[in-house]
Amino acid sequence: MKTFSRSAVMGALASGILLAVHALYFGTMNVALADALVFLLIVACWSYLLNQTDGSRKLSGHQEASASGDNLFIQESSAFHVQLGNEMSDQLTSAHTELGNTQAILSDAIVKLVSNFIAISDGVRELSKKAGTFSKQVHQLIENVRSTMSASEQASRGGAPTEADSLAKSKQHVKAMMGDLIAFSDTVAQNANELNAIHSKVEQNVLVVISTLQFQDMSSQLIEHARMRVSALKEITKEMGKGGDSTNQREYMEQIAAYNRLLQKHVASLDKQKSNPVAQKDFGTGDIELF
Amino acid sequence: MAKNILAVDDSTSIRQMVAFTLKSAGYTVIEAVDGQDGLDKAKSQSGIDLVLTDQNMPRMDGMTLIKTLRGMPQFSATPILMLTTESSDEMKTQGKAVGATGWIVKPFDPHKLLEVIKKVIG
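Residues numbered from 1 in each chain as written. Chains lettered and ligands numbered in written order. Predicted model: local features only at pLDDT ≥ 70, side-chain atom pairs only at ≥ 80, totals over all residues. Heavy atoms only, no water.

A.B. asks: Kindly report on the packing of aromatic side chains, identifying the contributing residues and their values.
C.D. replies: Residue and element names in this part refer to chain A. The full count for this structure, using the stated rule, is one aromatic pair over all chains. Consider the rings of phenylalanine 134 and phenylalanine 184, whose centres lie 6.1 Å apart with planes at 80 degrees: the pair is edge-to-face. Here phenylalanine 184 lies in helix α3 (residues 161-213) and phenylalanine 134 lies in helix α2 (residues 29-156), a separation of 50 residues in the sequence. The exposure class assigned to phenylalanine 134 is partly exposed, which follows from its relative accessible area of 38%. Residue class for phenylalanine 184 comes out partly exposed when judged on its relative accessible area of 40%. (Phe/Tyr/Trp six-rings, centres within 6.5 Å; stacked < 30°, edge-to-face > 60°. Helix = DSSP H or I, 4+ residues; strand = E, 2+ residues; numbered from the N terminus. Buried < 20%, exposed > 50% of the residue type's maximum accessible area, 1.4 Å probe, protein only.)

Below is the structure:
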């Protein structure tokens, strides 16, 4: 730039000197005026050329700066994608693991809960059965004592008076014992009936619990679907996290297109999977249809 | 003699609940953890009076199980009930097409389940 300006000044000076010599040679006012005009014209031309050159250089510099800015934008944008991809991938991995743990804990808790309810129901049923058997055994015992007593009575008829007296006393004693046994038998029978009623109630309640605890099966399916989606997103963000070394606009656009293709692939894959099978919104029991 | 029911579900808790409900009513229950296990047990056990199966299971789903069982002469007339969270008409139509006898949507009411089973196998 400086060399060009210097040449321009030198050229203008040389032209000025030549025109001055020309004017002096002819020595007329008209020629001097014409030379002065030509000199001004030459200076104007040089100024114009200088301005043009300066403008062109300025434009070229601006374009260079702009290209450098674009590259910087692409690099920074690319770096941001990598950071975002890595961060999201980490978060989604944690979410995926946490959902899996939630599912496992929930499943374990419900399985234990159901087992315990069933054990309680089975226990009460067993107790009720045993009480029933015991009641029958006591009843049988009373019947046995009754028949033994009756047999003894039959045998004592026609015996000596002292024996008859002793037998009468024994009979009274046995009768009293029988009264106690019958009362005991009634209590046992009543307890057996009560236990039976309790067992029925427990079983009914367990059946109600069964309807409610099925939420685990539904929530498990919902969690599994959420995990599937998280897993797909995780893969996309993981790919983003790997990044690309694109330094120009074309490579950068190709990289974006690659992410988009991966996203579309996962979306298509998720769409192919069955739609969410759990549409239930409350614990009302489902429909039954026989074909 | 107690009737035999094959209960197929990948959820342990659902299998427990189904087995408890059916056993309480006097049925004998054979449990299977997925469609493939259900098919294996159906092949190895004789005298299965009813199959109760879930739809969404690993290895083999309920529809495939029903289709496969219907292809076996011993199961051509055995009642097969689907017990699933799926409630769409589209799925029910598919179930009917592959040979399901009925469709029960979870959560099931134990009393209603027993009513249906009684209706189907007595």
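A.B. asks: Before we move on, can you summarise the pairing of strand β5 (residues 102-105) of chain B with the specific residues and values?
C.D. replies: Of the two faces of β5 of chain B, the one lined by Gly102 and Ile104 of chain B and the one lined by Trp103 and Val105 of chain B are each fully buried. Two elements, strand β1 (residues 288-290) of chain A and β5 of chain B, share three bridges in a ladder whose sense is antiparallel. Considered in β5 of chain B, the bridge of glutamate 289 of chain A is made with tryptophan 103 of chain B. Sheet analysis places strand β4 (residues 80-84) of chain B next to β5 of chain B, joined by four bridges and oriented parallel. (Pairing = 2+ DSSP bridges.)

A.B. asks: Could you give me a rundown of helix α2 (residues 35-44) of chain B, with the residues and numbers involved?
C.D. replies: When α2 of chain B is considered as a whole, its buried residues turn out to be Gly35, Asp37, Gly38, Leu39 and Ala42 of chain B. Elements that come into contact with the buried residues of α2 of chain B comprise β1 (4-8), β2 (28-32), β3 (48-53) and α3 (62-70) of chain B. (Contact = heavy atoms within 4.5 Å.)

A.B. asks: Account for the interface of chain A and chain B, naming residues and giving values.
C.D. replies: On the side of chain B, 33 residues touch chain A, which itself brings 34 residues to the contact. Together chain A and chain B conceal approximately 2,900 Å² of surface at their shared face, both sides included; 63% is due to carbon and sulfur atoms. Three residues stand out in chain A for area buried against chain B, namely Gln214, Ile288 and Phe291 of chain A, and they jointly supply 23% of the buried area on that side. Along the contact surface separating chain A from chain B lie two salt bridges. The shortest N-O distance in the salt bridge between glutamate 289 of chain A and lysine 92 of chain B comes to 3.3 Å. The tally of links from chain A across to chain B stands at 11 residue pairs in polar contact (both at pLDDT 80 or more). If you list the elements that add at least two residues to the side of chain A that touches chain B, you get α2, α3, α4 (215-242) and β1 of chain A. Per-element tally for the side of chain A that touches chain B: the top contributor is α2 of chain A, with eight residues. For the side of chain A that touches chain B, the class distribution of residues is 16 nonpolar, 11 polar and seven charged. (Buried area = accessible area lost by both parts, 1.4 Å probe. Salt bridge = Lys/Arg side-chain N within 4 Å of Asp/Glu carboxyl O. Polar contact = N/O pair within 3.5 Å; in protein donor to acceptor, adjacent residues only side chain to side chain. Nonpolar A, V, L, I, M, F, W, Y, C, P; charged D, E, K, R; others polar.)

A.B. asks: A description of the pairing of β4 of chain B should follow, citing residues and the corresponding values.
C.D. replies: Residue and element names in this part refer to chain B. With five of five residues buried, β4 is to be regarded as a mostly interior element. The alternating pattern of β4 places Ile80, Met82 and Thr84 on one face and Leu81 and Leu83 on the opposite face, and all of these are buried. Taking the sense of rotation as the criterion, the β-α-β connection linking β3, α3 and β4 turns out right-handed. A crossover connection joins β4 to the parallel β5 through helix α4 (residues 89-98); in handedness this β-α-β unit is right-handed. (Right-handed = clockwise from strand over helix to strand, strands pointing away.)

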